[in-house]
Amino acid sequence: MDFSYCEEQSMFVASCERLVRERCAFDARRAVAQSPADAVPPLWSEFVDLGLAALHVPEELGGLGRPLIDGVLAAQALGRGWLLEPFVDCALAAASALARAPQGAGRDAALAAIADGSSIVVPLVESQVAGGEVRGTAAHASYATAALLVDRGRMCLLPLADAQRRGWRQFDGSAAAEVAALIDSATVIAEGEAATAAWRVARNVARAGRIAEGVGLAQAVLDVTAEYLRTRRQFGQPIGRFQALAHRMADLAILLEQAQSLMLAAAMKADAADGDRALDAAQVMAHRALRAIGQEAVQLHGGIGMTDELAVSHYVKRLLAIEIELGDIDTALARFAAAA
């Protein structure tokens with residue numbers, strides 16, 4: 001497959017990489033991770049200015065209407081900076097689900113608000129409706145404007161302005177919250193098969209975006225580890241010259257390359273008949289790569305790799321959180337085998 005970027009993609013990725021270099025230094029990221037969970041990340045406004053929030057919003061509603069591969073490339077580039085903003089949840093998953101739903105006043109208004117940055121919408125993946133009240137938990141729900149959920153075969157948009165929230169910082173520094181609100185305040189966006197299809201798009205796009213974020217962060221972990229091996233000296237030479245350590249780094253680089261290739265293939269096949277199978281393959285490879293790179297990075301740093309002062313310890317926590325969010329590797333592997 002041809003993985004070369006077109007001119008627009010190259011410029012877009014370069015903008016994301018520049019944002020990471022200039023605005024996502026480790027100290028700045030750690031300050032965000034230690035801020036109150038209900039505070040919107042300060043960089044989100046810059047994401048909006050770059051057009052990241054409008055990436056998958058249709059052009060007629062003020063968006064860019066770009067394909068999934070562009071969102072995946074952006075997630076990979078942003079992932080290298082320890083992504084704490086709701087890019088994957090809002091700009092990719094929620095926007096893609098709404099764009100897939102039938103046209104309507106509620107759907108169009110929500111997409112336009114996502115594009116101009118006036119609203120942050122996140123999927124409420126774990127939710128229950130009882131006694132006229134919906135309760136659920138989601139990343140970034142501590143400051144989100146609205147949430148998407150499925151109730152009795154309907155995909156609904158639930159405003160969170162008057163919702164009860166219990167927010168917290170997760171172990172990787174990202175914000176999350178448990179929310180409770182009256183289901184009557186929700187707007188029905190889609191019903192029946194349309195709702196099922198739109199929600200499936202949300203879950204698949206979220207998976208693809210999270211894999212891409214993990215690949216980008218894993219690359220950052222490898223870069224940090226390689227720099228440590230070049231500067232840490234033992235027996236009069238950098239430890240990176242020791243053949244055993246060089247071979248371990250080479251193995252990790254191969255794993256990352258494999259994960260990135262399958263990630264790009266899955267994004268390019270998103271609408272193909274075998275799109276789900278390609279996504280499962282990418283998830284399985286991402287599990288293996290993220291786990292191995294995280295563990296080896298800590299081992300190669302030695303005891304200092306577990307300290308709070310080093311970026312690698314925080315990056316590895318985020319890799320673990322991504323792996324948990326993606327779900328069980330055996331389930332993904334079983335789906336891949338069943339579709340063969």
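Heads up: these notes are all about the structure in this document. None of these values were measured; they are calculated from a predicted model.

## What to know about the overall build of the chain
Next up, step 1: Secondary structure summary: the chain contains 11 helices and 10 strands in total.
Next up, step 2: Its C-alpha atoms give the chain a radius of gyration of 20 Å, within 12% of the compact-globule value 20 Å for 340 residues.
Next up, step 3: Seen through its C-alpha atoms, the chain measures out along the principal axes to roughly 70 × 45 × 40 Å.
Next up, step 4: Within the span of the chain, comprising 340 residues, buried residues form 52% of the whole.
Next up, step 5: Roughly 15,300 Å² of accessible area belongs to the chain as shown, and the carbon and sulfur atoms make up 52% of that amount.
Next up, step 6: Treating the 31 positive side-chain charges of the chain as one cloud and the 41 negative ones as another, the clouds have centres 6 Å apart.

## Examining the pairing of strand β5 (residues 154–159)
Next up, step 1: Pairing of strand β4 (residues 146–151) with β5, which is carried by 6 bridges, proceeds in the antiparallel orientation. Considered in β5, the bridge of alanine 146 is made with proline 159.
Next up, step 2: Here β4 hands over to β5 after 2 residues, with arginine 152 in that stretch at a positive phi of 50 degrees.
Next up, step 3: In the sheet, β5 pairs with strand β8 (residues 187–191) via 4 bridges, with the strands oriented antiparallel.

## Some remarks on the packing of aromatic side chains
Next up, step 1: With the rule as written, the count across this model stands at 4 aromatic pairs.
Next up, step 2: Centre to centre, the rings of phenylalanine 26 and tryptophan 82 are 6.3 Å apart; their planes meet at 20 degrees, and the pair counts as stacked. In this pair, phenylalanine 26 sits in helix α2 (residues 26–33) while tryptophan 82 sits in the loop between α4 (68–79) and α5 (87–100), placing the two residues 56 residues apart along the sequence. Of the two residues examined, phenylalanine 26 and tryptophan 82, each falls in the buried class.
Next up, step 3: Following the ring pairs from residue to residue traces out a cluster consisting of Phe26, Trp82 and Tyr315.
Next up, step 4: One residue, arginine 277, lies across the ring of phenylalanine 336, its end atom 4.2 Å from the ring centre.

## Notes on the pattern of salt bridges
Side-chain pairs of opposite charge can arise where the charged atoms are in close proximity.
Next up, step 1: With the rule as written, the count across this model stands at 24 salt bridges.
Next up, step 2: As a salt-bridge pair, arginine 66 and glutamate 8 come within 2.9 Å of each other at their nearest N and O atoms. Of the two residues, arginine 66 sits in the loop between α3 (44–49) and α4 while glutamate 8 sits in helix α1 (residues 7–23), which places them 58 residues apart along the sequence.
Next up, step 3: Given the relative accessible area of 26%, arginine 66 is considered partly exposed.

## Some remarks on the pairing of strand β2 (residues 126–130)
Next up, step 1: Burial runs low along β2: only 0 of the 5 residues are buried.
Next up, step 2: Examined bridge by bridge, β2 and strand β3 (residues 133–139) share 5 bridges and lie antiparallel to one another. Considered in β3, the bridge of serine 127 is made with glycine 136.
Next up, step 3: With antiparallel pairing between neighbouring strands as the criterion, β2 and β3 make up a hairpin whose turn holds 2 residues, including glycine 131 at a positive phi of roughly 60 degrees.

## Quick word on α1
Next up, step 1: When the terminal C-alpha atoms of α1 are compared, their 24 Å separation across 17 residues agrees well with the 24 Å that a helix rising 1.5 Å per residue should span.
Next up, step 2: Residues of α1 that are buried make contact with α3 and α4.

## Details of the sheet that holds strand β6 (residues 164–169)
Next up, step 1: Spatially, the 4 strands line up as an open sheet ordered β2-β3-β7-β6, and their pairing is antiparallel. Each end of this open sheet is capped by a strand with a single partner; those strands are β2 and β6. Here the strands of the sheet are splayed against their neighbours by 10 degrees on average, with no regard to which way each runs.
Next up, step 2: In terms of strand pairing, β6 meets strand β7 (residues 175–182) through 6 bridges, oriented antiparallel. When the sheet's bridge partners are listed, glutamine 164 is paired in β7 with alanine 180.

Calculation notes
- Residues numbered from 1 in each chain as written.
- Predicted model: local features only at pLDDT ≥ 70, side-chain atom pairs only at ≥ 80, totals over all residues.
- Heavy atoms only, no water.
- Helix = DSSP H or I, 4+ residues; strand = E, 2+ residues; numbered from the N terminus.
- Rg over C-alpha atoms; globule rule 2.2 N^0.38 Å.
- Buried < 20%, exposed > 50% of the residue type's maximum accessible area, 1.4 Å probe, protein only.
- Areas by Shrake-Rupley, 256 points an atom, 1.4 Å probe, with all protein chains shown as cover.
- Lys, Arg positive; Asp, Glu negative; His and termini not counted.
- Charge placed at Lys NZ, Arg CZ, Asp CG, Glu CD.
- Pairing = 2+ DSSP bridges.
- Phe/Tyr/Trp six-rings, centres within 6.5 Å; stacked < 30°, edge-to-face > 60°.
- Lys NZ or Arg CZ within 6 Å of the ring centre and 35° of its normal.
- Salt bridge = Lys/Arg side-chain N within 4 Å of Asp/Glu carboxyl O.
- Expected span 1.5 Å × (residues − 1).
- Contact = heavy atoms within 4.5 Å.
- Axes fitted to C-alpha atoms, helices over the stretch in contact; angles between N-to-C directions.

Just geometry here; none of it tells us what the structure is for.
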